Amino acid sequence: MRTAAMGKTWSGALALLGGLGLAGLLAACDPQNISELEEGVSTEADVRERFGAPEAVWEGEDGAQIYEYNRQPAGHTNYMITIGPDGKMASLRQVLNPRTFAQVQPGMPMEAVRRMLGKPMKITTYALKRETHYDWRYFESPNVGESQVFTVVFDADLKVVRTMSVRDPDLDKNR
């Protein structure tokens, strides 16, 4: 016998799988989309045609806009694409890498970290410790090696306390 609760559980599970499948499909298309774009030539319309609407739009220097294309939680990349004031793509960067992580320093505000790395895969608040952890999944080298998780620990004022990288715990859960 099927109950209403069972139906909700199955529809929730299917929605989650569909979302993860879409995230995987988007990530699989990224190399093709990136190869079709050229810095200084491709336009904002070209970027949106290949990547869709950005997760967030950040104000850059001299009137530029930075488009965030997030591939978390299932993926291992976050792209920041800069559109210059002339409407052309000025740069395309995959920001989840050790070089960018090294720029995260104690005392930085959460908003600066969020702008630098994009939306995290997971945010966990530890009320008793008065800490909030932001986690991003990444590969040490582009698409090479085991999945890692980079964590930024914020204090109660949402300022960076410390950072760490660990082997992705989901690897041990056969995910």
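Residues numbered from 1 in each chain as written. Predicted model: local features only at pLDDT ≥ 70, side-chain atom pairs only at ≥ 80, totals over all residues. Heavy atoms only, no water.

**Here's the deal with the sheet that holds strand S4 (residues 89-94)**
To be explicit about the condition: Paired strands, as defined in this entry, are two strands with at least two bridges between them according to DSSP. Going along the chain from the N terminus, every DSSP run of H or I of four or more residues is numbered as a helix, and every run of E of two or more is numbered as a strand. Axes here refer to lines fitted to C-alpha atoms; in helices the fit is confined to the stretch in contact. Angles between the N-to-C directions go from 0 to 180 degrees. Any pair of residues with heavy atoms lying within 4.5 Å of one another is described as a contacting pair.
Ordered by their spatial adjacency, four strands build an open sheet running S1-S2-S3-S4, and the pairing between neighbours is antiparallel. Two strands bound the open sheet, and with one partner strand each, they are strand S1 (56-59) and S4. Within this sheet the neighbouring strands show an average axis-to-axis angle of 20°, counted without direction. Sheet topology note: the strand S2 (residues 65-70)/strand S3 (residues 78-83) ladder contains six bridges and is antiparallel. The residue bridging Glu-68 from the neighbouring strand is Met-80, located in S3. On the sheet, helix H2 (residues 44-51) packs against S2, S3 and S4 and is oriented at approximately 10° with respect to S2.

**Details of the pattern of salt bridges**
Basically, it comes down to this: Each salt bridge in this description consists of a side-chain nitrogen of Lys or Arg and a carboxyl oxygen of Asp or Glu lying within 4 Å of one another. Per-residue accessibility, obtained with a 1.4 Å probe over protein chains only, is compared with the maximum for each type, and a residue is labelled buried under 20%, exposed over 50%, and partly exposed between these values.
Scanning the model with the defined rule gives ten salt bridges in all. Ionic pairing is found between Arg-50 and Glu-36, a salt bridge with its closest N-O pair at 2.9 Å. With Arg-50 in helix H2 and Glu-36 in the loop between helix H1 (4-35) and H2, this residue pair connects regions lying 14 residues apart in the sequence. With a relative accessible area of 38%, Glu-36 lands in the partly exposed category. Between Glu-55 and Lys-119 there is a salt bridge, with the nearest N and O atoms lying 3.5 Å from each other. Within this pair, whereas Glu-55 is found in the loop between H2 and S1, its partner Lys-119 is found in the loop between helix H4 (110-117) and strand S5 (122-126), the two being separated by 64 residues in sequence. In this structure Glu-55 comes out as partly exposed when scored by relative accessible area, which is 43%. Given the relative accessible area of 38%, Lys-119 is considered partly exposed. Several salt bridges converge on common partners, so that one network encompasses Lys-129, Glu-131 and Arg-162.

**Considerations on the nonpolar core**
Looking at soluble globular proteins, one finds that nonpolar side chains tend to be buried together. We count it as follows: Here, the term nonpolar core denotes a set of buried Ala, Val, Leu, Ile, Met, Phe, Trp, Tyr and Cys residues that are joined through side-chain atoms within 4.5 Å.
In terms of nonpolar packing, the biggest core is built from 20 residues, with Val-104, Val-113, Leu-117, Trp-136, Phe-150 and Val-152 touching the most fellow members. Secondary-structure elements contributing two or more residues to this core are S1, H4, strand S6 (131-141) and strand S7 (144-154). Tallying contributions element by element places H4 first for this core, with four residues. Apart from the residues within four sequence positions on either side, Val-152 is in contact with Val-104, Val-113, Thr-132, His-133, Tyr-134, Trp-136, Val-160, Arg-162 and Thr-163. With ten residues, the next largest nonpolar core counts Phe-51, Tyr-67, Tyr-69 and Ile-81 among its residues.

**Overview of the environment of Glu-49**
Looking at the secondary structure, you find Glu-49 in helix H2. Judged by its relative accessible area of 62%, Glu-49 falls in the exposed class. Taking the C-alpha atoms as reference, Glu-49 lies 9.2 Å from Asn-33; in sequence the two are 16 residues apart.

**Description of H4**
An α-helical turn contains 3.6 residues, so any two residues separated by three or four positions project in the same direction. Rules: Within this analysis, the arc is defined by the directions that extend from the helix axis to the C-beta atoms.
Of all the residues in H4, the buried ones are Met-110, Val-113, Arg-114, Met-116 and Leu-117. The buried residues of H4 occupy an angular sector of 165° when projected down its axis, which confines them to one face. Once H4 ends, the next one or two residues include Gly-118, with phi positive near 85°.

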